[in-house]
Amino acid sequence: IRAILDVEQPQADEGRLHTEFNPDGSMAKRTQAWAGNRGQAITASFLVMLLRASQAIGDERGLALARRAGRIYLESMVPRDTIVRAGDPGMVIALMGELFQITGEKQWLDAGMLHATDALELYFDCPLPRMSLGRNHYESQQGSSVLVHALGRLALAAEGKSWQGNLAVA
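The structure displayed is predicted, hence computed values, not measured ones.

So, how was this worked out
Numbering of residues starts from 1 in each chain and follows the order in which that chain's sequence is written. Where totals are concerned, whole chains, interfaces and linings use all residues; where local detail is concerned, this predicted model gives features only for residues with pLDDT of at least 70, and gives and counts side-chain atom pairs only at 80 or more. To get the side-chain values, take all heavy atoms of the structure and skip hydrogens and water. One number per residue, pLDDT, summarises how confident the predictor is, and it ranges from 0 to 100. Under the scheme used here, helices are H or I runs from DSSP no shorter than 4 residues and strands are E runs no shorter than 2 residues, and both carry numbers assigned from the N terminus. Here, strands pair whenever DSSP counts at least two bridges between them. Fitted lines through C-alpha atoms give the axes, limited to the stretch in contact for helices. The angle between two N-to-C directions lies from 0 to 180 degrees. The cut-offs work like this: below 35 degrees is roughly parallel, past 145 is roughly antiparallel, 65 to 115 is roughly perpendicular, and the gaps in between are oblique. Put simply, a crossing is left-handed when the front helix is turned counterclockwise from the back one by less than a right angle, and right-handed when it is turned clockwise. Residue contacts are defined here by distance: any two heavy atoms, one from each residue, within 4.5 Å place the two residues in contact. Under the scheme applied here, ten amino acids are nonpolar (Ala, Val, Leu, Ile, Met, Phe, Trp, Tyr, Cys and Pro), four are charged (Asp, Glu, Lys and Arg), and all others, including Gly, are polar.

Asks: I'd like a description of the confidence of the model for the protein, backed by residues and values.
Replies: Low-pLDDT portions of the prediction should not be read for the details of their coordinates. Averaged over every residue, the pLDDT of the protein is 87; residues scoring 70 or more account for 90%. At the level of individual helices and strands, the protein shows its lowest average pLDDT in strand β4 (residues 167-169), which scores 54, and its highest in helix α3 (residues 61-70), which scores 97.

Laid out in structure tokens, this is it:
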């Protein structure tokens, strides 16, 4: 985790993180604020994992990077002009909830609630949550359960409750 945090992230303010490198040190892969299709990494997902891992080892650089790159979601919503799988806004909502729980800063909760409202309108207009924008059916591989889980955890945060793993605590 410390090695990952040692990597310079020059595009973090744009919501892009370098995640894989070629043997010569050049960038091979990076995340995107909104990935769209399967196989592309969304920044929020990477940040949630990095944030949790860095907290486990007590390295505050994970929180600093999550705040820095996570700000993209204070300004951007799910793009309407591309196929965005349900798991992407789910990970954004999860990141906003984690940042609110850790920092207590209301901007993260407010952004999470805005993304939650948007996701409810975009993905829950069918009997089961749709798999992605542009598709009217459910498919679990596209992250619908991630979205539902994130909505539940954000609701706990909004009620002033926290969680450990999947369990709510007072």
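Asks: Break down the pairing of strand β1 (residues 18-21) for me, citing the residues and quoting the values.
Replies: Of the strand pairs in this sheet, β1 and strand β2 (residues 27-30) are connected by three bridges, and their pairing is antiparallel. Each residue of the ladder has a partner; that of His18, found in β2, is Arg30. Between β1 and β2, which follow one another and run antiparallel, lie five residues, and Gly25 among them has a positive phi close to 95°.

Asks: Can you lay out the packing of helix α5 (residues 87-103) against helix α7 (residues 144-158) for me, pointing to particular residues and giving the numbers?
Replies: The interhelical angle for the contact between α5 and α7, taken along N-to-C directions, is 25°, at an axis separation of 8 Å. Classed by the angle they form, the pair α5 and α7 counts as roughly parallel. Taken as a pair, α5 and α7 cross one another with a handedness that is left-handed. Along its contact with α5, which presents Gly87, Pro89, Gly90, Met91, Ile93, Ala94, Gly97, Glu98 and Phe100, the element α7 presents Val146, Leu147, Ala150, Leu151, Arg153, Leu154 and Ala157. Each residue belonging to the contact of α5 with α7 can be placed in one class, and the counts come to eleven nonpolar, three polar and two charged.

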